[in-house]
Structure formats: C-alpha cells, structure tokens
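This is what each chain is made of:
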Amino acid sequence: MSPSTHRVQLLRAPPPGPAVGPATLALARTLQLSRTEAGLLLGAAPCVLPRGLAPDAAAGLLRALQAAGAEARVLEAPASAGRCSDHAALEDDGSCEGCGARTCALCTLVRGARRCAACERRRSRARHFKALRVAVLLGVLCVAAGWAFSVQRGRDARTAWVRPLRVAVVLVGEDTRGSRALADSAPELEDWFARELRRYRPEGLERPVQLQVFGPVVAGTPLPWPAEDGGWLARLRYARALDAALAPVNAAVGLTPRGYDARLYAVVEPGGAGSFAEGIGAAGGELGLVRVRVDGADATLALTALAHELLHCLGATDKYDAGGHARLPEGLAEPERALPQRRAEVMVGEVPLAAGSGRLPESLEEVSVGPVTAREVHWSDVAP
Ligand SMILES: [Zn+2]
Ligand SMILES: [Zn+2]
Ligand SMILES: [Zn+2]
C-alpha cells in the first residue's frame, strides 16, 4: 500500500446537477464516510479534505470531483498520525471543547462547534432535561396560579355585596347563660350589618350578612392562641395548629367550612362579672377567632368583636394605636364631627372622647363602620 502523502484541496463545490451524485459517492468511498457526511464536506468548500491519501487515490478523487464541475487540486502533504475519536478515517483537527477528545473537521461541520459525539449527546440530554424541568415548573406554576386565582375570586366575590354572605358563628364553651345570650343576639348583628351597609349603599342588600350559629360545643383541647410576636413561620405553625384544633369542633357541630364565606369561632369564657372580648382574624382570610365573656344579656362587646373579625376577613384593617385608642382620623366613625364622638368605629372598638382616650360602646347603636373601613370592604368607592 502506497503511503498517504497527498490530499485533495476543494476550492469550489460542484454546481447542482446530476453529476453531483457520483462525485459525492466517490468522496464517501475514498474518505470512508456516509453519503450524508460526504455531502456536508462537499458543501464546506473551500477546504482541504481531512484525510491523507495515496497519490493514485488522490488523483482518482480529483477526477471524480472535476467531472462534477468542482474546482479542486491535489496537494502534497504528509498525513497526520492523529485520528478523530468519532470518525476513525479522518484526521485530528483539534480537541473537543468539552472533554479534550480528538475531533475532526467533519465533527465541527456536523455539530457547529469543535465537539465530540459523546459531549454532543450529553449536551442534548441536558437540553432535554432542562426543557422538561421548565415544562414541569410551568405546569406547577399554572396549577398554583389557577388555585390562587379561584381562591382570590371566591374572596373577591364576598366583597361584591351582590349576595348575602354566609357566615358561620361557632360558640365554643359550656352551655352557659353567656353562650345563650350571644346566640340570641346574633340577629342584632345581622341588623347592624344591614344598617351600616345602607349608610354607604342606600340601595344595598337588605341582609348583607347571614349568620348561622352553631354550638355551643366544648372543645376537646383548648383552641390555640397566637404568640405575641410571631414571624411568618410562627404564623404558619399557628394556622396549622388552629386548623387541627378546629377540625373536631367542626365535626362536633356538623359544620362544613366550604359552605361558608367566613367562619367565626367565639370562645365563650365562663361566668364572672364584666364583659370582655378580644380576637384574631386573618386579613382577607376566612377565619376569625374571638374570646369573650358575656355578663348578663348584653352581648355588645362580643358582637362588636365578631363584626371586627368578620370585617378583617373581608379586608378591613385595625384603626387603633398602641394604647388601643382610635387613630385620627381613620379611626373615627364620623370624621366630619369633632371629638368627642358619638360612636365607636368597629375596627377600633372604642368611642373616642378625646385624643388618646375613649369609652366602650354600650350598644351596637354606638358602633359604626367609618369611611376608611367602608372603602376597604368595598362598601364605598369614595376616598375618605
Ligand atoms: Zn470527527
Ligand atoms: Zn468531547
Ligand atoms: Zn383587629
């Protein structure tokens, strides 16, 4: 076998025509390539074909190329000993950019970069995996967004005020006089919501809030109360603990949370003199929790606390200062009137007498929704 001392330099590819086929075939045979690979090399002109040939083989290939109309010539050049790691017949033309393996001119042509077959496979696997990961993430995102959207739409619908809100009030505690007094005065709170809504929407719903009272029921374990200064993690833990504690309460009274726009749980404390109420509610949420003591038949403070927590659920914010007194002017039921005021703003819970002082309301007549709260729950569009 004569030594591979020559190569063919392709100066111009053959023009399209019937003679290209035989030229491609000759190139494929001589360089031991597939026809597709030979076609690629032909198209890459001008180039030196990447294989050293014996002089007669080089001359034969030159004739076949020229017959097809290509411009080419034979160069005398010693063959390199290095071979491509993928194309055993072709000469080494540099290292793979990924792993350093030997690549040839055809590798670069096929892959658009100096890259070996193994690296090309890894790359396309990584691309597929990335596409899959993106698709999965997008899917998860869509589901989450859809869920959030439907929850939000449900919550927004509550403040459209085109249908009565269904609110469950669950009395938690012994069957005491206090529990009964609170249950008996629920219609009073419905009337209060109707009256207050009509101050802002004279044509508004006749009964914007429908309360359904459950219980009293004794909770197996005391309902948890949130820590004073909790971060978001503490709040999350608290929400889970509260959910877990409320599930048996719901089951005991036959309450299905889904059936209600909001749920208010009133822990009615036993006996003793004097009434009190405190509560927590998630802004924009579905859950309010109040702890109350009802002294005698007057449930004003407990009802005010329930209204306060329900309005929190509907988006209203607190309007009292660190001392528990009305912030001025947003904590005023009637900001157009001077102090002392006649009524307590429901998100304050105190009738302001002077800056930084007030008294508890004596009846729901003395409790009112101020213009800022009205705007927060979409009773009015007017900026106060
Ligand atoms: Zn190669
Ligand atoms: Zn490689
Ligand atoms: Zn509050």
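Everything below is about the structure shown above.
Residues numbered from 1 in each chain as written. Chains lettered and ligands numbered in written order. Predicted model: local features only at pLDDT ≥ 70, side-chain atom pairs only at ≥ 80, totals over all residues. Heavy atoms only, no water.

A. Structural view of the sheet that holds strand β3 (residues 71–76). In space, the three strands of this open sheet follow the order β2-β1-β3, with antiparallel pairing throughout. Where the open sheet ends on each side, the last strands, each with one partner, are β2 (47–48) and β3. Judged from the two bridges that link them, strand β1 (residues 6–12) and β2 form a sheet pairing that is antiparallel. Following the sheet pairing, Gln9 is matched in β2 by Val48. Those strands touched by helix α3 (residues 55–67) are β1 and β3, and its axis lies near 170° from that of β3. (Pairing = 2+ DSSP bridges. Helix = DSSP H or I, 4+ residues; strand = E, 2+ residues; numbered from the N terminus. Contact = heavy atoms within 4.5 Å. Axes fitted to C-alpha atoms, helices over the stretch in contact; angles between N-to-C directions.)

B. The coordination of the zinc ion (ligand 3), seen in detail. Distances from the zinc ion (ligand 3) to its protein donors, His308 (NE2), His312 (NE2) and Asp318 (OD), fall at 2.0 to 2.1 Å. One chain supplies every donor to the zinc ion (ligand 3), and in sequence these donors are spaced H-x3-H-x5-D. One end of the pair is His308 and the other is His312, both in helix α9 (residues 300–313) and four residues apart, which spans about a single turn. The pair His308 / His312 is uniform in exposure class, with both members buried. (Donors = N, O, S within 2.8 Å, 3.2 Å for Na, K, Ca; no water. Buried < 20%, exposed > 50% of the residue type's maximum accessible area, 1.4 Å probe, protein only.)

C. Looking closely at helix α6 (residues 177–184). All buried positions along α6 are accounted for by Gly178, Ser179, Ala181 and Leu182. The arc enclosing the buried residues of α6, seen along the axis, measures out at 165°, which places them on a common side. Opposite the buried face of α6, at more than 90 degrees from it, the exposed residues are Arg177 and Asp184. Packed against the buried residues of α6 are β6 (165–172), α7 (186–200), β7 (209–217), β8 (262–268), β10 (287–293) and α9. (Arc of directions from axis to C-beta.)

D. Representation of the packing of helix α1 (residues 20–31) against helix α2 (residues 35–43). Running from amino to carboxyl end, α1 crosses α2 at an angle of 105°, the nearest separation of the two axes being 8 Å. Taken together, α1 and α2 sit at an angle that is classed as roughly perpendicular. Seen from α1, the contacting residues are Val20, Gly21, Thr24, Leu25, Leu27, Ala28 and Leu31; seen from α2, they are Arg35, Ala38, Gly39, Leu41 and Leu42. The residue makeup of the contact of α1 with α2, split by class, is eight nonpolar, three polar and one charged. (Parallel < 35°, antiparallel > 145°, perpendicular 65-115°, else oblique. Nonpolar A, V, L, I, M, F, W, Y, C, P; charged D, E, K, R; others polar.)

E. Here's a closer look at the coordination of the zinc ion (ligand 2). Within the protein, the zinc ion (ligand 2) binds to Cys96 (SG), Cys99 (SG), Cys116 (SG) and Cys119 (SG); these donor distances fall in the range 2.2 to 2.4 Å. One can describe the site at the zinc ion (ligand 2) as tetrahedral: its four donor atoms subtend angles covering 100 to 122° at the metal. Sequence spacing of the donors to the zinc ion (ligand 2): C-x2-C-x16-C-x2-C. Here Cys96 is found in the loop between β4 (94–95) and β5 (102–103), whereas its partner Cys119 is found in helix α5 (residues 117–158), with 23 residues between them in sequence. For the residue pair Cys96 and Cys119, the accessibility class agrees, reading buried in each case. (Tetrahedral: all angles 85-135°; square planar, octahedral: opposite > 155°, others 65-115°.)

F. Broad picture of unusual backbone geometry. Residue Pro46 follows Ala45 across a cis peptide bond; omega there is 5°. In this fold, Pro46 is placed in the loop between α2 and β2. Residue Gly215 is joined to Pro216 through a cis peptide bond whose omega torsion reads 10°. Residue placement: Pro216 occurs in strand β7. A positive phi angle, close to 55°, is found at Trp161, a residue other than glycine. Relative to the assigned elements, Trp161 resides in the loop between α5 and β6. On the basis of relative accessibility, which here comes to 3%, the residue Trp161 falls in the buried class. If you check the backbone angles, His378 has positive phi at about 65° while not being a glycine. Relative to the helices and strands, His378 resides in the segment after α10 (371–376). Taking relative accessible area as the criterion, His378 reaches 41% and is therefore assigned partly exposed.

G. Representation of a nonpolar patch on the surface. Where nonpolar side chains cluster on the molecular surface, the patch consists of Phe129, Leu132, Val136 and Val140 and spans about 400 Å² of accessible area. Relative to the elements of secondary structure, Val140 occurs in helix α5. Accessibility expressed as a relative area gives 51% for Val140, which makes it exposed. (Patch = residues over 30% accessible without salt bridge, like charges linked within 9 Å, V, L, I, M, F, W, Y side chains within 5 Å. Areas by Shrake-Rupley, 256 points an atom, 1.4 Å probe, with all protein chains shown as cover. Salt bridge = Lys/Arg side-chain N within 4 Å of Asp/Glu carboxyl O.)

H. Summary view of the side chain of His87. Position of His87 relative to the elements: it lies in the loop between β3 and β4. Note on His87: relative accessible area 12%, which makes it buried. Among residues more than four places away in sequence, those in contact with His87 are Glu37, Cys104, Leu106, Cys107 and Arg111.

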